[in-house]
Amino acid sequence: MKRPKPHPINQFRILKDHPMTTSLSRSARRLLSRAAAVTPILAAMSLTVTSANAADMTVKAPVVAPVPLWNGFYIGAHGGYGMGSSRLVDPSFAFAQDRFTMDTRGAIAGAQVGGNWQFDNIVVGAELDLSWASIKGNRPFDPANPILSGLAVSYQALATGTGRIGYAFDGVLVYAKGGVAWANVAYQAFVGTPVPTDINHQRTGLTGGVGLEYALTSNLSARLEYDYLYFGPAAIALSTRISTQNVDHDLHLVKLGVNYRFNGDAIVARY
């Protein structure tokens, strides 16, 4: 005689109440609980790694460093005043070895062009300037003493080519300069007589000076400068006697000027 099959619902209840089934159910719940606790930690670690990799892949932006303030080529203008003397010696004069001196003074105005290269606080450069000049001196004609009178001298143009070296701090440049000088000098004799003598001679000499320059902006600066120019003895014929005369000149110039510097606002990128 066949036994009746248990109903499916009854089978489920039997399995559910079985000790092994209960143990497996508890293990599954524990596993799910631990997985739920670990999941946020794993997610955070994944986000951290992703952020670190993204940061490593980011291209670093360049650090912009300004070019040193005094670097660059410049042009400018100047004006000023000059004082000096012209000395003449004529071996055929009665006063033979004595120097006959005429004081000179007057205004100048002109332009300059140059370039600077700055290394930390040290600035080196070169400059060329050209000036119109109206620096004059004379000794009016005296009929009682025609040899020692009726003389005049006039500087009509000046130029210098110099090297410069200076020290820069807080927008200020203090510098010294030296080089060669040129002058167009007009010398006259027998001024005020029917037979004046004019001699226009070109002179080359030496110059040295000092200056102070202040940066008004990154491109524009103002400066005050002192220059000394010396033109050694040269022979000219003033027709005061058959022989020639030796003439030398010196000048002290004070100049106030402005410069416009190119590339003063340039930048260099550093990584």
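Remember, predicted model here, so these are calculated numbers, not experimental data. (Residues numbered from 1 in each chain as written. Predicted model: local features only at pLDDT ≥ 70, side-chain atom pairs only at ≥ 80, totals over all residues. Heavy atoms only, no water.)

This part is about the pattern of salt bridges. Once the charged atoms of two side chains with opposite charge are near each other, the side chains can pair. Applying the stated criterion across every chain yields a total of 10 salt bridges. The shortest N-O distance in the salt bridge between Lys255 and Asp227 comes to 3.0 Å. Separated by 28 residues along the polypeptide, Lys255 in strand β9 (residues 245–261) and Asp227 in strand β8 (residues 220–236) bring together distant segments of the chain. A single burial state applies to Lys255 and to Asp227, both of which are buried. In this structure, a network of salt bridges that share partners links the residues Glu127, Asp129, Lys177, Arg223, Glu225, Asp227 and Lys255. (Salt bridge = Lys/Arg side-chain N within 4 Å of Asp/Glu carboxyl O. Helix = DSSP H or I, 4+ residues; strand = E, 2+ residues; numbered from the N terminus. Buried < 20%, exposed > 50% of the residue type's maximum accessible area, 1.4 Å probe, protein only.)

Counting 22 residues, the largest nonpolar core has Ile135, Tyr155, Leu158, Tyr187, Leu229, Leu251 and Leu253 as the members making the most contacts within it. When contributions to this core are tallied by element, the ones reaching two or more residues are β3 (100–119), β4 (122–139), β5 (151–169), β6 (172–189), β8 and β9. Excluding residues that lie within four positions of it along the chain, Tyr155 makes contacts with Ser85, Ser86, Thr104, Ala133, Ser134, Ile135, Ala183, Asn184, Val185, His249, Asp250 and Leu251. Core analysis: the next-biggest nonpolar cluster, separate from the first, contains six residues, Trp70, Ala168, Tyr175 and Ala215 among them. (Core = buried A, V, L, I, M, F, W, Y, C linked by side-chain atoms within 4.5 Å. Contact = heavy atoms within 4.5 Å.)

Once that is clear, we can look at the sheet that holds strand β2 (residues 72–89). Pairing within the closed barrel is antiparallel, and its eight strands lie in the order β2-β3-β4-β5-β6-β7-β8-β9. If you compare each strand with its neighbour and ignore which way they point, the axes differ by 20° on average. (Pairing = 2+ DSSP bridges. Axes fitted to C-alpha atoms, helices over the stretch in contact; angles between N-to-C directions.)

A complete count under the given rule lists three aromatic pairs for this structure. Between Phe73 and Trp117, the aromatic rings sit 5.8 Å apart at their centres with planes inclined by 85°, giving edge-to-face as the arrangement. With a gap of 44 residues between them, Phe73 in strand β2 and Trp117 in strand β3 connect regions that are remote in the sequence. Both rings, one in Tyr260 and one in Phe262, keep their centres 5.4 Å apart while their planes meet at 80°; by these two values the pair is edge-to-face. The lysine or arginine in question, Arg164, covers the ring of Tyr175, its NZ or CZ lying 4.3 Å from the ring centre. (Phe/Tyr/Trp six-rings, centres within 6.5 Å; stacked < 30°, edge-to-face > 60°. Lys NZ or Arg CZ within 6 Å of the ring centre and 35° of its normal.)

All right, on to the side chain of Asp129 then. Considering the arrangement of structural elements, one finds Asp129 in strand β4. Engagement of the side chain of Asp129 in a polar contact is seen with the side chain of Thr160, the distance being 2.7 Å. A polar contact is formed between the side chain of Asp129 and the side chain of Lys255, at a distance of 2.9 Å. Not counting residues within four places of it along the chain, the set of residues in contact with Asp129 comprises His78, Ala111, Gln112, Leu158, Ala159, Thr160, Lys177 and Lys255. (Polar contact = N/O pair within 3.5 Å; in protein donor to acceptor, adjacent residues only side chain to side chain.)

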